[in-house]
Amino acid sequence: MGKNDSLTPKEIANRIKAKGLKKLRCYCQICQKQCRDENGFKCHCMSESHQRQMQIFGENPNRIVSEFSEEFERNFLDLMKRNHRFSRVAATVVYNEFINNRHYVNMNSTQWATLTEFVEHLGRTGKCEVAQTENGCFITYIDRDSEGYLPQNAY
Ligand SMILES: [Zn+2]
């Protein structure tokens, strides 16, 4: 690992850029628009379409937050279903996979302040089985059919 210790701030910045994290910052959640860079983001924020979205948001922020929350939950459960359908998995592992997809809603646009809070919500509403362990929080996707019933042979 010796080589990594001597990275200059510029090299670190370049790595972050290569990973696309910088790009992520230039994503407008309200318009769901990805901007090229910070400059593009500034231009976008002054655009008429963004101002209109902001106005709608300002008139009814609760509705928008609950829409983002619903979408966040749906995206998260889809990912669970696709990648971890039959296994117990650390909540942070799923979350890391989740944030790698920039099309997904960012958690800071939802009603949940932390991942723990969101996971507790999943447990409370019966969407996932939640287990708090000394190694962190683990979740298991609860498989249901389209009507919300558990499949007959599940247990
Ligand atoms: Zn915007």
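What comes next is a walk through the structure. (Residues numbered from 1 in each chain as written. Predicted model: local features only at pLDDT ≥ 70, side-chain atom pairs only at ≥ 80, totals over all residues. Heavy atoms only, no water.)

A short note on the nonpolar core
The nonpolar side chains of soluble globular proteins are, as a tendency, buried together.
In step 1: Counting residues in each nonpolar core, the largest one holds 24 residues, and the members touching the most others are Phe72, Phe76, Met80, Val94, Leu115, Phe118 and Ile139.
In step 2: Elements represented by at least two residues in this core include exactly α6 (61-83), α7 (91-99), α8 (115-124) and β5 (136-141).
In step 3: The biggest single contributor to this core is α6, with seven residues.
In step 4: Once residues within four sequence positions are removed from consideration, methionine 80 is found in contact with Arg85, Val89, Val94, Cys128, Ile139, Thr140 and Tyr141. (Core = buried A, V, L, I, M, F, W, Y, C linked by side-chain atoms within 4.5 Å. Buried < 20%, exposed > 50% of the residue type's maximum accessible area, 1.4 Å probe, protein only. Helix = DSSP H or I, 4+ residues; strand = E, 2+ residues; numbered from the N terminus. Contact = heavy atoms within 4.5 Å.)

Description of the coordination of the zinc ion
In step 1: Protein-derived ligands of the zinc ion are Cys28 (SG), Cys31 (SG), His44 (NE2) and His50 (ND1), with the metal-ligand distances lying across 1.9 to 2.3 Å.
In step 2: All donor residues of the zinc ion come from one chain, and their arrangement in sequence is C-x2-C-x12-H-x5-H. Taken as a pair, cysteine 31 in the loop between β1 (27-28) and β2 (33-34) and histidine 44 in helix α4 (residues 38-46) lie far apart in primary sequence, 13 residues in all.
In step 3: Its relative accessible area of 5% is what places histidine 44 among the buried residues. (Donors = N, O, S within 2.8 Å, 3.2 Å for Na, K, Ca; no water.)

Focus: α8
In step 1: Those residues of α8 lying buried are Leu115, Phe118, Val119, His121 and Leu122. Take α8 and look down its axis: the buried residues cluster within an arc of 155°, on one side only.
In step 2: Positioned one or two residues after α8, glycine 126 has a phi angle of 75°, which is positive. (Arc of directions from axis to C-beta.)

Digging into α6
Three- or four-residue spacings in an α-helix give side chains the same orientation, since the helix completes a turn every 3.6 residues.
In step 1: For α6, with 23 residues, the first-to-last C-alpha span of 33 Å sits near the 33 Å given by 1.5 Å per residue.
In step 2: The complete set of buried residues in α6 reads Ile64, Phe68, Ser69, Phe72, Glu73, Asn75, Phe76, Leu77, Leu79 and Met80.
In step 3: Contacts from the buried residues of α6 go to α5 (48-59), β3 (88-90), α7, α8, β4 (128-133) and β5. (Expected span 1.5 Å × (residues − 1).)

Description of unusual backbone geometry
In step 1: One non-glycine residue, glutamine 32, lies in the positive phi region at around 55°.
In step 2: Along the polypeptide, glutamine 32 turns up in the loop between β1 and β2.

Focus on the sheet that holds β5
In step 1: Spatially, three strands are ordered β3-β5-β4 in an open sheet, and the strand pairing comes out antiparallel. Strands at the two margins of the open sheet, each flanked by one partner only, are β3 and β4. Across the sheet, the axes of successive neighbouring strands diverge by a mean angle of 30°, strand direction being ignored.
In step 2: The sheet contact formed by β3 and β5 spans three bridges and is antiparallel. Residue pairing across strands places alanine 90 opposite phenylalanine 138, the latter belonging to β5.
In step 3: Along the sheet, α7 contacts β3 and β5; its crossing angle with β3, the most-contacted strand, is approximately 70°. (Pairing = 2+ DSSP bridges. Axes fitted to C-alpha atoms, helices over the stretch in contact; angles between N-to-C directions.)

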